[in-house]
Amino acid sequence: EMISYYDISGCYILRPWSYKIWELIQEWFNVQIRKLDVENAYFPLFVSQDRLEKEKDHVEGFAPEVAWVTKSGEDDLAAPIAIRPTSETIMYPAFSDWIRSHRDLPLKLNQWSNVVRWEFKDPTPFLRTREFLWQEGHTAHASFDDANVMVRKALDLYRRVYEELLAIPVVPGYKTEKEKFAGGHSTTTVEAYIPVSGRAIQGATSHHLGQNFGKMFDINYQDEKGETQTAWQTSWGLTTRTIGVMIMVHGDDTGLVLPPRVAPLQCVIVPITSKSCPIEKLAPYCGSILESLQEKDIRVKLDDRLIYNPGWKYAHWEQKGVPIRIEVGPRDLEKRGARLVVRFGGEKVDVGVDGLADAVAAKLDEVQKGMFENAVKFRNDHLVKVTEWKDFVPNLELHNLVLTPW
């Protein structure tokens, strides 16, 4: 229940379970960028052909992926309008209007939006889609070094999203000249390791744009000496690909295994009824457990549906990756306790009701830490340094992540 397929190839419906994961990433990220004085804004979806083609290298890099609107009803438009593949050419004319003096710098904006890139290479849910959701940060600075600091701070936020939220270790580094952002000065990236394929995958990128876009779009300002200068810029983005990477790193044959910090539900309470202990008798006790967990700000649900038996519910919530299942049966009611069943590793723990909320909170932290450590160990077991070409391809064939100078 993560996605549903749509009738346009490469487009997918994000169902509530996956969209909640994206919302949790958004909530965390917004808090962090506000600490860097980055403000949220929103810019239009469309970009004129003249603006898109103003930066030659930029448009050449995106030209094969740009989707164009050419008709309105039955009438042809006077000029085609592009649907944003990214927003540099949409935002920067506004930057030119807003930035006049060194006092207007730095300008730091972020927007949460959708992007369309008409990708024809085997669309894959979350990983390679024609429309995807992302955040894109855009900043302007008075110096190369100030912009470079922003690039590294944004990249470190991406590292933290993967490592602190998604429990996935990443390797930060630079893209080659051929792979860097079209029209930019340099591109940094965080790369994750996918155990199943034994390959790296790009997690997020942060670009130092230099002054190229500033010159193209006249983003000029008067410095403290009254001289005209061109702003130095950055752009950086994180997409819903994060969800796909998380699924591939942590998932198992049963289904999803979700890190607690991004799990839509961190635990689910499953009543186990009997003839002598019907739901009416268990409900108040389960309700009190629910309230105690909610008071701890734990995302929890009481699954008291009568049309499904406990075994079906176990399988259902395991497949959805809920970190902890809380089983409550007649014996638990009698002993004033409950059983915790952990999705990651399958541990089972009996806990008294008085300390249940604290035990669940502690176990969630333990699971988050354990999932990250497990992913780090697996990645490090397949991480090799190679300095000679003869060792390069053989290590790739062994599903290793290769570190090599270039």
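Residues numbered from 1 in each chain as written. Predicted model: local features only at pLDDT ≥ 70, side-chain atom pairs only at ≥ 80, totals over all residues. Heavy atoms only, no water.

A. Up close: the layout of surface pockets. If you add up the space inside the second largest pocket, you get close to 240 Å³. Lining of the second largest pocket is provided by 13 residues; of these, R331, D332, K335, R339 and D350 occupy positions nearest its centre. Taken together, the elements giving at least two residues each to the lining of the second largest pocket come down to α10 (330-335), β18 (337-342) and β19 (348-352). For the lining of the second largest pocket, the residue count by class is three nonpolar, three polar and seven charged. (1 Å grid on protein atoms, 1.4 Å probe; cavity = no way out; pocket = protein on both sides within 12 Å on 5 of 7 lines; lining within 4 Å. Points joined across faces, edges and corners; volume = space filled by probe spheres on them. Helix = DSSP H or I, 4+ residues; strand = E, 2+ residues; numbered from the N terminus. Nonpolar A, V, L, I, M, F, W, Y, C, P; charged D, E, K, R; others polar.)

B. Layout of the sheet that holds strand β6 (residues 75-83). Strand order in the open sheet formed by three strands is β4-β6-β5, and the pairing between neighbours is antiparallel. Across the chains shown, the open sheet's two edge strands, defined by having one partner strand only, are β4 (46-48) and β5 (67-72). Going across the sheet, the axis of each strand differs from the next one's by a mean of 45°, ignoring polarity. One ladder, built from five bridges, connects β5 with β6; its direction is antiparallel. Bridge assignment links V69 to a residue of β6, and that residue is I81. (Pairing = 2+ DSSP bridges. Axes fitted to C-alpha atoms, helices over the stretch in contact; angles between N-to-C directions.)

C. Inspection of unusual backbone geometry at higher detail. The omega torsion of the bond from L105 to P106 falls at -5°, within 30 degrees of zero and hence cis. Tracing the sequence through the fold places P106 in the loop between α4 (88-98) and β7 (107-116). With a phi close to 60°, D297 is a non-glycine residue in the positive phi region. Structurally, the position occupied by D297 is in the loop between α8 (279-295) and β16 (300-302). Judged by its relative accessible area of 67%, D297 is exposed. We note that R336 has phi near 60°; this positive angle belongs to a residue other than glycine. Relative to the helices and strands, R336 is located in the loop between α10 and β18. (Buried < 20%, exposed > 50% of the residue type's maximum accessible area, 1.4 Å probe, protein only.)

D. The arrangement of the packing of helix α1 (residues 16-35) against helix α5 (residues 144-165) in detail. Packing of α1 against α5 leaves a shortest axis separation of 11 Å and a crossing angle of 140°. Classed by the angle they form, the pair α1 and α5 counts as oblique. The two elements α1 and α5 meet at a crossing, and its hand is right-handed. Residue-level contacts link I25, W28, F29, Q32 and I33 of α1 to L157, Y158, R160, V161, E164 and L165 of α5. Looking at the contact of α1 with α5 residue by residue, the classes come out as eight nonpolar, one polar and two charged. (Parallel < 35°, antiparallel > 145°, perpendicular 65-115°, else oblique. Left-handed = near helix turned anticlockwise from the far one by under 90°. Contact = heavy atoms within 4.5 Å.)

E. Structural view of the packing of aromatic side chains. Within this structure, the stated rule accounts for 14 aromatic pairs. Ring centres 5.4 Å apart and planes at 70° place the aromatic pair Y5 and Y12 in the edge-to-face group. In this structure Y5 comes out as exposed when scored by relative accessible area, which is 62%. Three or more aromatic residues link up through ring pairs in this structure, and these residues are F43, Y92, F95, W98, F213 and F217. In this arrangement the basic side chain of K320 is found over the ring face of W17, its NZ or CZ atom lying 4.2 Å from the centre. Sitting over the face of the ring of Y314, R325 holds its NZ or CZ atom 4.0 Å from the ring centroid. (Phe/Tyr/Trp six-rings, centres within 6.5 Å; stacked < 30°, edge-to-face > 60°. Lys NZ or Arg CZ within 6 Å of the ring centre and 35° of its normal.)

Bear in mind that shape data such as this cannot, by itself, settle questions of function.
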